[in-house]
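Overview (structure and organization)
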Amino acid sequence: MSAEPLVAGRSAGILRATAVPARMRATMLRRSLREHPGPTVAGLVGLLAAAWLIRYALHGDQHTLGLLTGAWVLGWIVLPLLLGGGRGRVHPAHLRLEPIGGMPAAIGLLAASAIGIGPAVSLVALAALPVHAARYGTVAVLVTAFGALLLWLLGLIGSAIALEVVGHAGGPVGALLTGIFTGTAMGVAGSLWAVFPWVSVLLVAAPPEVARAMAYVPSGWPVTAATGPAGQGVRMMATLVGIVALCAAAYLMLVRRVLTAGVPFRPRATTVVSRPRAGRGPLGWVPAATRAVAGRELRSWVRHPLRLQYLAFAVVYGALLAGLPLLSDVDLLLPWAGPFAVLGAAAMSAGLVGLDGTALWLPLTTPGGERAEVRGRAVAWLVLVAPIGVLLTVAGVVLVPDVDALAALSTLPALLGAGAAVPVWVSLLRVRPVADPRHPTAADNPTDIVSVLVATTAGLIAVAPVLALVVWGPPEAAPLLPLVGLLSGAGAWWGGLWLADERLARRGLEVLAAAGQRSRPPETVLPLTWDAQWYRENKTTAWALGLLTVGWIPVIPQGLMPLAFGIDGGWIVAGHLDGGARTAVGLGMVGLGVAMLLAGLVLWDRRPQPAS
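This is a predicted model, so every value here is computed, not measured. (Residues numbered from 1 in each chain as written. Predicted model: local features only at pLDDT ≥ 70, side-chain atom pairs only at ≥ 80, totals over all residues. Heavy atoms only, no water.)

**A word on the overall build of the chain**
Secondary structure assignment for the chain yields 24 helices and zero strands. Looking at the chain residue by residue over its 612 residues, the buried ones come to 44%. Of all intrachain contacts in the chain linking residues separated by at least 6 positions in sequence, the fraction that spans at least 24 positions is 78%. Here the chain displays about 31,200 Å² of accessible surface, and carbon together with sulfur accounts for 69% of that area. (Helix = DSSP H or I, 4+ residues; strand = E, 2+ residues; numbered from the N terminus. Buried < 20%, exposed > 50% of the residue type's maximum accessible area, 1.4 Å probe, protein only. Contact = heavy atoms within 4.5 Å. Areas by Shrake-Rupley, 256 points an atom, 1.4 Å probe, with all protein chains shown as cover.)

And the structure:
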C-alpha cells in the first residue's frame, strides 16, 4: 500500500487546521464591522495617512521617509496594546484543544492576524517605499518592494508577540506603556510651537545627524539598499531577513509554550520574608498610624496599573514640555522639567479615592484614623514624587548650565507641598468610583476635568509668590526665592491637609457611600463625529468643552511664557511689545484665559444631565 495517500491526507489535515484561525478571525471581523463603526472610521483615517505618505514619497527625502515608515511600523506594534487591540483577535490559547502542532498553529495565527483593516492599511502605507524608489529604476522598485514586505511582516509578527506577551504580563506593563504613549502625545501637543519648525525642516530634508542614525534603523534599509553599493544592499537586506526570521522563531516558541502550558511564560514564584529592622526606616519621624498608611499607599503606587499609568504620564509629559522646545533652540524651559512633572502628577492624583472602593471604612472605624489616612496619603505621594521632581530639575540644570534655574528650583518645594496635600482633599471632595476596584481598566478613570483643574490651580497659586517675585521683584530679592518657595509649599501643605481632615471627619460616611457605588450616574455622551443635532441640543456642553480646551492658550503660551520665561514667537502677542505694554498684554492674556476656564467650569456643571 502506497504511503502517498497518507501523506496527502496528513498535509490536507494540516492545511485545514491552519485555516481554522483565519476563518475564526474573518467571522469576528465581519461581526465587529456590523456592530461597531469605529474600525471603519479608523481605517478611513489610516488610508488618508497612507495616501499622504505615498504622496510624500514621490518627492520627499529618503531618510525622512525611512523615519516615517519606521514610526508607522512601531505604531502598528504599540498602539494595539493601548487601544485594546487584543479584543477580537485569535490567540494561541484558543487552539489548545485543537489537534494542531506548533508550526501550523503559528502560521494560522499569523494568517489570522493579517486579516483586518490595520494590516491592509499598513501594507498600503509601506507601498510608499517602492513608490519612492521608482525614480531609480525597476530593480530598485523590486528591492524596496521586498523590503516593504519584510517590514510589514516585522510589524505583523511584532504586534502578535507584543499582544500575547504584554497581555499575560499583567496590568503594570500595559499601564506604563499607556502612560508613556499618552504623555508623549500630550507633550507633543503642548509643544507644537516648538515641534512644527523642526518637523518642517525634517520634511524638507533630514538633518545630517538624522541621516547618520537612519543607517541603523531597519525601516531605512530598503531604500538605502536600492540606492547604495550592491554589497551594502545585500548585507542590509540579509540582516532585515534575519530580524524577521528571529521574530518568527520567537513567535513559534511562544505559541508552542502556550499550547503546552497555557501561558507564554510563568513568573517565577518568590517568597518575601519580612525581617525585623533595627530602626523604623527613613519615615521613623512619622507617627506609626501615618507610616502604615504611607506604606500601603507606596505599595499601591507600585502595584496598581492606573496609578502607574498616571505617574508615567506625568513624568513623560513634564519632560517633553521642557525638552521639546530645544528643537527650536529654546533651552529656558529645561530646568522646569521637574516642576512640570510634579504639577502633572498632582493633577493626575486628584481622584485616587475612587480607586479604593469601600476600603475607607478602615480609617473611619479607627480612632484618629481620618487624620492618619490623610497624612499617610500625602506623605506617600511626597516620598514618591519628590525624588522624580528633584532628579528632572537637576538634570535640566546640568544639561543647560548657562540658564538661571533659581526660579525652577524655588518653585519645586511649593509645587510639592501643594501636590501632596490638595489632591487628597479634591479626591475626597469629588469621588468618582470605578466599576470594579479589584480589576481596574484604563477606562476606569476616576479623575474628571474639574478635579484636574482644581489641583492644577492649587499648584499655580502655590507658586504665584515665587513667580511674582521673579517677574516684578528687584534683582536684590533673588536670594529670597528658595525661602519664599519653601514657605508657599508649607502653607499649601497645611492648608490642603486641614481641608482634607475636615472633609473626611465631617463627611466620612458620605465619602464612603460615594466610593462604594458600583455604577455612576449617566454621563453626557460626546459625539465622535460632527452631529449638528447634538450641538443644537447641548449648546452648554459644547461651549464648556470649547472654553476648557481653548482657555489654556491665553494662560500659558500667550501669558506665562512671555512674562515668566521671556519667550517670544511669531504668534505670541506680548512678544512683539516691550516694557509696560508687554507686561500688561501678558497679564491681560492670563486674565482672559482664567476667565475662559472659569466660565467653562461653570457651564460644565450646568450642562444638561442625561436621563437615567
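**Some details on the side chain of Thr144**
For Thr144, the position within the fold is in helix H7 (residues 138–169). Judged by its relative accessible area of 0%, Thr144 is buried. Here Val141 takes part through its backbone oxygen, which lies 3.1 Å from a polar atom of the side chain of Thr144. (Polar contact = N/O pair within 3.5 Å; in protein donor to acceptor, adjacent residues only side chain to side chain.)

**Regarding empty space enclosed by the protein**
Throughout the structure, instances matching the rule amount to three cavities of 30 Å³ or more. Reported here for the largest cavity is a volume of approximately 110 Å³. Around the largest cavity, the lining comprises 13 residues; the ones closest to its centre are Ser349, Leu352, Arg377, Trp381 and Val424. Those elements that provide at least two residues to the lining of the largest cavity are helix H13 (288–303), helix H17 (369–399) and helix H18 (406–429). Residue contributions to the lining of the largest cavity peak at five residues, all from H18. Put simply, the second largest cavity is a space of about 60 Å³. Looking at the second largest cavity, the residues that line it are Arg89, Val90, His91, Pro92, Ser113, Ala160, Leu163, Glu164 and Tyr251. (1 Å grid on protein atoms, 1.4 Å probe; cavity = no way out; pocket = protein on both sides within 12 Å on 5 of 7 lines; lining within 4 Å. Points joined across faces, edges and corners; volume = space filled by probe spheres on them.)

**Some thoughts on helix H5 (residues 117–126)**
Side chains of residues three or four places apart in an α-helix project in the same direction, reflecting 3.6 residues per turn. Within H5, the full set of buried residues consists of Pro119, Val121, Ser122, Ala125 and Leu126. End-on, the buried residues of H5 take up no more than an arc of 165 degrees, which puts them together on one face. (Arc of directions from axis to C-beta.)

**Details of the environment of Leu324**
Among the secondary structure elements, Leu324 is positioned in the loop between helix H14 (305–323) and helix H15 (337–348). Taking the C-alpha atoms as reference points, Leu324 and Ser191, separated by 133 residues in sequence, lie 6.5 Å from one another. Each residue touching Leu324, except ones within four places of it in the same chain, is listed here: Gly187, Val188, Ser191, Ala194 and Val195.

**Here's the deal with the environment of Met214**
Tracing the backbone shows Met214 in the loop between helix H10 (208–213) and helix H11 (221–227). Residue Met214 is classed as buried on the basis of its relative accessible area of 5%. Sequence separation between Met214 and Gln62 is 152 residues, and the spatial gap between their C-alpha atoms is 9.9 Å. Here Met214 is in contact with His63, Gly66, Leu67, Ser219, Gly220 and Trp221, once residues within four sequence places are set aside.

**Looking at the nonpolar core**
Formed by 49 residues in total, the largest nonpolar core has its most connected members in Val342, Val374, Trp381, Val385, Leu416 and Leu428. Mapped by element, the contributors of at least two residues to this core are H13, H14, H15, H17, H18, helix H19 (449–472) and helix H20 (481–515). A per-element tally of this core places H18 first, with 12 residues. With sequence-adjacent residues up to four places away left out, Trp381 is seen in contact with Trp301, Val342, Ala345, Ala346, Ser349, Ala386, Leu416, Gly419 and Ala420. By size, the runner-up hydrophobic cluster in this structure holds 41 residues, among which are Trp76, Ile100, Ala148 and Leu156. (Core = buried A, V, L, I, M, F, W, Y, C linked by side-chain atoms within 4.5 Å.)

**A few points about the packing of H18 against H19**
When two helices pack together, their arrangement is given by the angle between the helix axes and the distance between those axes. Between H18 and H19, whose axes approach to 9 Å, the crossing angle comes to 150 degrees. Classed by the angle they form, the pair H18 and H19 counts as roughly antiparallel. Here H18 runs over H19; the crossing is right-handed. For the pair H18 and H19, the contacting residues are Ala407, Ser410, Thr411, Ala414, Leu415, Ala418, Val422, Pro423, Trp425 and Val426 in the first and Ser451, Val454, Ala455, Ala458, Gly459, Ala462, Val463, Val466, Leu467 and Val470 in the second. The residue makeup of the contact of H18 with H19, split by class, is 16 nonpolar, four polar and no charged. (Axes fitted to C-alpha atoms, helices over the stretch in contact; angles between N-to-C directions. Parallel < 35°, antiparallel > 145°, perpendicular 65-115°, else oblique. Left-handed = near helix turned anticlockwise from the far one by under 90°. Nonpolar A, V, L, I, M, F, W, Y, C, P; charged D, E, K, R; others polar.)

**Thoughts on the pattern of salt bridges**
Taken as a whole, this structure holds six salt bridges when the rule is applied. Taking the shortest distance from any N to any O, the salt bridge between Arg377 and Glu373 comes out at 2.8 Å. Of this pair, Arg377 and Glu373 both sit in helix H17, four residues apart, roughly one helical turn. The exposure class assigned to Arg377 is buried, which follows from its relative accessible area of 9%. The network of salt bridges with shared partners includes Arg296, Glu297, Arg307, Glu373 and Arg377. (Salt bridge = Lys/Arg side-chain N within 4 Å of Asp/Glu carboxyl O.)

**Quick word on the packing of aromatic side chains**
Describing an aromatic ring pair means giving the distance of the ring centres and the angle of the ring planes. All chains considered together, the criterion is met by five aromatic pairs. Seen in terms of ring centroids, Phe313 and Tyr317 are 5.4 Å apart; in terms of plane orientation they differ by 20 degrees. Their pairing is stacked. Here the residue Phe313 and the residue Tyr317 both occupy positions in helix H14, the gap between them amounting to four residues, near one helical turn. A relative accessible area of 21% places Tyr317 in the partly exposed class. We note Arg307 situated over the ring of Trp301; from NZ or CZ to the ring centre the distance is 5.3 Å. (Phe/Tyr/Trp six-rings, centres within 6.5 Å; stacked < 30°, edge-to-face > 60°. Lys NZ or Arg CZ within 6 Å of the ring centre and 35° of its normal.)

**A closer look at the side chain of Ser349**
With respect to the helices, strands and loops of the structure, Ser349 is situated in the loop between H15 and helix H16 (361–364). The buried category is assigned to Ser349, whose relative accessible area is 5%. At 2.6 Å, the side chain of Ser349 forms a polar contact with the backbone oxygen of Ala345. Ser349 has contacts with Trp301, Trp381 and Pro423, leaving out every residue within four places of it along the chain.

**Re the environment of Gly369**
Of note, Gly369 is situated in helix H17. By relative accessible area, Gly369 is classed as buried at 7%. Taking the C-alpha atoms as reference, Gly369 lies 9.8 Å from Leu504; in sequence the two are 135 residues apart.

**Comments concerning the packing of H17 against H18**
Remark: H17 packs on H18, axes separated minimally by 9 Å, with the N-to-C direction vectors making an angle of 150 degrees. Taken as a pair, H17 and H18 cross one another with a handedness that is right-handed. Contact with H17, carried on its side by Val374, Arg377, Ala378, Trp381, Leu382, Val385, Ala386, Gly389, Val390 and Thr393, involves Leu409, Leu412, Leu416, Gly419, Ala420, Ala421, Val424 and Leu428 of H18 and no other residues of that element. Across the contact of H17 with H18, the residue classes break down as 14 nonpolar, three polar and one charged.

**Description of the confidence of the model for the chain**
Averaged over all residues, the pLDDT of the chain is 79; the fraction at 70 or higher stands at 82%. For the chain, the element scoring lowest by mean pLDDT is helix H1 (residues 4–35), at 68; H15 scores highest, at 93. Below a pLDDT of 50 lies the segment residues 265–279, which in the model reaches six contacts outside its immediate sequence neighbourhood of four places, other chains included. (pLDDT = per-residue confidence, 0-100.)

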